[in-house]
Amino acid sequence: MTGDAPAPRRRGRPSRRAAAEGPDSRTRILEAARTEFAERGYDKTSIRGVARAAGVDAALVHHYFGTKDEVFAAAVELSFEPALVIPMVLGGPPEALGERLARYFLSVWENPASRAPLLAILRSALTHEAAAKVLRGFVLRRLLERIAADLDVPDATFRAELAASHMIGIAMLRYVIRAEPLASADPEDIVAMVAPTLQRYLTEG
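None of the values given here were measured: they were computed from a predicted structure. (Residues numbered from 1 in each chain as written. Predicted model: local features only at pLDDT ≥ 70, side-chain atom pairs only at ≥ 80, totals over all residues. Heavy atoms only, no water.)

**Student:** I'd love a proper account of the packing of helix α10 (residues 156-176) against helix α11 (residues 187-203), names of residues and values included.
**Tutor:** Relative to each other, α10 and α11 sit at 160°, their axes nearing to 8 Å. The orientation of α10 relative to α11 falls into the category roughly antiparallel. Considering only the axes of α10 and α11, their crossing is right-handed. Contact residues: α10 offers Arg159, Ala160, Leu162, Ala163, His166, Met167, Ile170 and Arg174, while α11 offers Pro187, Ile190, Val194, Thr197, Leu198, Arg200, Tyr201, Leu202 and Thr203. Here the residues of the contact of α10 with α11 sort into 11 nonpolar, three polar and three charged. (Axes fitted to C-alpha atoms, helices over the stretch in contact; angles between N-to-C directions. Helix = DSSP H or I, 4+ residues; strand = E, 2+ residues; numbered from the N terminus. Parallel < 35°, antiparallel > 145°, perpendicular 65-115°, else oblique. Left-handed = near helix turned anticlockwise from the far one by under 90°. Contact = heavy atoms within 4.5 Å. Nonpolar A, V, L, I, M, F, W, Y, C, P; charged D, E, K, R; others polar.)

Below, the structure written as structure tokens:
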């Protein structure tokens with residue numbers, strides 16, 4: 001064995017070449033992960049498959065995100081963009097919180113660019129407990145609990161879960177099952193009907 005032999009690479013660390021690809025590699029991985037989960041579902045998506053689709057080494061995916069669950073969680077976050085939505089939802093009159101939340105939620109689902117990966121995320125959550133756990137944790141802790149915590153109401157977690165169940169139920173019936181007349185209803189009509197209930201969940205004592 002000569003001194004020129006390469007040292008074995010530690011598991012989970014990116015190679016020098018992969019690490020040198022810069023911050024854009026993280027964005028490529030996220031976009032590839034969202035596409036892979038959308039096309040293959042949670043069970044059939046792998047770290048290696050995401051890396052291959054992103055054109056990077058699998059070690060770089062582990063470096064940025066760790067496990068498959070963490071990649072999935074990041075793909076969920078990419079679709080919802082909580083850093084943008086929370087200030088938008090909270091940045092208005094408290095008496096219109098339910099309306100802003102309902103309108104935002106429907107706008108994400110009505111956008112064809114975000115609807116496909118969200119459908120895949122929702123379907124994955126229905127068939128795989130790990131995916132369901134990630135989605136529950138994100139919707140509750142990263143979105144609704146942070147919104148509810150900004151308001152002076154008791155039982156914020158319980159209220160957040162009620163709001164989440166209401167909105168996810170609408171997504172299931174409208175976009176997955178496509179139950180009529182909900183599937184063809186005007187989004188503004190849905191907002192008008194749903195907003196008062198979300199308002200009550202999140203703000204009324």
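**Student:** Explain the packing of aromatic side chains to me, and be specific about the residues and the numbers.
**Tutor:** Per the counting criterion, the structure on display carries four aromatic pairs. Both rings, one in Phe37 and one in Phe72, keep their centres 4.9 Å apart while their planes meet at 80°; by these two values the pair is edge-to-face. Within this pair, whereas Phe37 is found in helix α2 (residues 24-44), its partner Phe72 is found in helix α5 (residues 68-80), the two being separated by 35 residues in sequence. For Phe72, a relative accessible area of 0% corresponds to the buried category. (Phe/Tyr/Trp six-rings, centres within 6.5 Å; stacked < 30°, edge-to-face > 60°. Buried < 20%, exposed > 50% of the residue type's maximum accessible area, 1.4 Å probe, protein only.)

Functional significance is not addressed by these values, which are geometric in nature.
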